[in-house]
Amino acid sequence: MATRFKEEFSRLIPRRHSASAPSLDTQAAANYATWSPPVSEIKINFDGAYRKDDKMGVALALREAILLARRLRIQNLIFEGDAKSIIDFMSGKGIVGSDCEVIMINCKALCEQSNFNRFKFIYRHCNWMAHDITKKALRDPLFCNNPLIQMVWLDTRL
């Protein structure tokens, strides 16, 4: 079944543009960007569809993703999300607001202990599936605990 989903996904979602594609400005690049599957890494996508412009939910989602990776002892991974300020903070290139600063400092400490240092920003329109799954999980408690419901729901989305 996973192979079928991957094939359908590959057919529906365009591939990343080639290296020979013309240079685009930032906005055009944002509109042209697509998600690409990992080659030799594991991608852990986090999304905290909590409230608009509230990074607390995203910070908590990242913390749970880090804890999951630690529990499963996953190495060679990339944390991927659509909250640029969170990704920038974790990459050492930015600051976060006081509403989630303590959680983010804890995330950084957990990552340093586990040698997790790869974070990638992905545009929301490329991250729609993770965002939709998060919203569905918030609205439907049965969805979180029932793999059959999850597969049926995913099948209707792809």
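Everything here concerns the structure above.
Before going into details, it helps to say that this report is about the structure given with it.

Basis of the calculations
Residues numbered from 1 in each chain as written. Predicted model: local features only at pLDDT ≥ 70, side-chain atom pairs only at ≥ 80, totals over all residues. Heavy atoms only, no water. Buried < 20%, exposed > 50% of the residue type's maximum accessible area, 1.4 Å probe, protein only. Helix = DSSP H or I, 4+ residues; strand = E, 2+ residues; numbered from the N terminus. Pairing = 2+ DSSP bridges. Axes fitted to C-alpha atoms, helices over the stretch in contact; angles between N-to-C directions. Parallel < 35°, antiparallel > 145°, perpendicular 65-115°, else oblique. Left-handed = near helix turned anticlockwise from the far one by under 90°. Contact = heavy atoms within 4.5 Å. Nonpolar A, V, L, I, M, F, W, Y, C, P; charged D, E, K, R; others polar. Phe/Tyr/Trp six-rings, centres within 6.5 Å; stacked < 30°, edge-to-face > 60°. Lys NZ or Arg CZ within 6 Å of the ring centre and 35° of its normal. Core = buried A, V, L, I, M, F, W, Y, C linked by side-chain atoms within 4.5 Å. Salt bridge = Lys/Arg side-chain N within 4 Å of Asp/Glu carboxyl O.

Our next topic: the pairing of strand β2 (residues 77–81). Of all five residues in β2, five are buried; the element is thus mostly enclosed. The side-chain alternation of β2 yields two buried faces, one formed by Leu 77, Phe 79 and Gly 81 and the other by Ile 78 and Glu 80. Two elements, strand β1 (residues 42–45) and β2, share four bridges in a ladder whose sense is parallel. Each bridged residue has a counterpart across the sheet, and for Ile 44 the counterpart in β2 is Phe 79.

Our next topic: the packing of helix α3 (residues 56–71) against helix α5 (residues 101–114). Packing of α3 against α5 leaves a shortest axis separation of 9 Å and a crossing angle of 20°. In terms of axis orientation, α3 runs roughly parallel to α5. The crossing of α3 and α5 is left-handed. Together, Met 56, Ala 59, Leu 60, Leu 62, Arg 63, Ile 66, Leu 67 and Arg 70 of α3 and Ile 103, Met 104, Asn 106, Cys 107, Leu 110, Cys 111, Gln 113 and Ser 114 of α5 make up the contact between the two elements. For the contact of α3 with α5, the class distribution of residues is eleven nonpolar, three polar and two charged.

Before going further, it helps to spend a moment on the sheet that holds β1. Working definition: the strands of a sheet are paired by backbone hydrogen bonds and lie parallel or antiparallel to each other. Within the open sheet, the three strands sit side by side as β1-β2-β3. Their pairing is parallel. A strand with exactly one partner marks an edge of an open sheet, and here the two such strands are β1 and β3 (119–121). Each strand of the sheet is rotated relative to its neighbour by a mean of 30°, with strand direction disregarded. Looking at chain direction, β2 and β3 are connected through three bridges and run parallel. When the bridges of β3 are listed, Gly 81 appears paired with Phe 121.

In the structure shown here, the tally under the stated rule is four aromatic pairs. Chaining the aromatic ring pairs together yields one cluster made of Phe 79, Phe 116 and Phe 119. Above the plane of the ring of Phe 121 lies Lys 84, whose end atom (NZ or CZ) is 5.5 Å from the centre. Stacked on the ring of Phe 89, the Lys or Arg Lys 108 has its end atom at 4.6 Å from the ring centre.

Moving on to the nonpolar core. Among the nonpolar cores identified, the biggest contains 26 residues, and Phe 46, Leu 62, Ile 66, Phe 79, Ile 86, Met 90 and Met 104 are the most heavily contacted of them. Elements that contribute at least two residues to this core include exactly α3, β2, α4 (84–90) and α5. If you tally residues by element for this core, the top one is α3, at seven residues. When residues no more than four places from it in sequence are discounted, the contact partners of Leu 62 are Phe 46, Phe 79, Ile 86, Met 90, Met 104, Cys 107 and Phe 119.

Here the structure, examined in full by the defined rule, presents four salt bridges. Residue Lys 84 is joined to Asp 88 by a salt bridge in which the shortest nitrogen-to-oxygen separation is 3.2 Å. Linking Lys 84 with Asp 88, this pair stays in helix α4, spanning four residues, or about one helical turn. The class for Lys 84 is partly exposed, based on a relative accessible area of 43%. Residues Lys 136 and Asp 140 are paired through a salt bridge, measuring 3.3 Å at the closest nitrogen-oxygen approach.

This part covers unusual backbone geometry. Phi at Arg 73 is positive, roughly 55°, even though this residue is not glycine. For Arg 73, the location among the structural elements is in the loop between α3 and β2.

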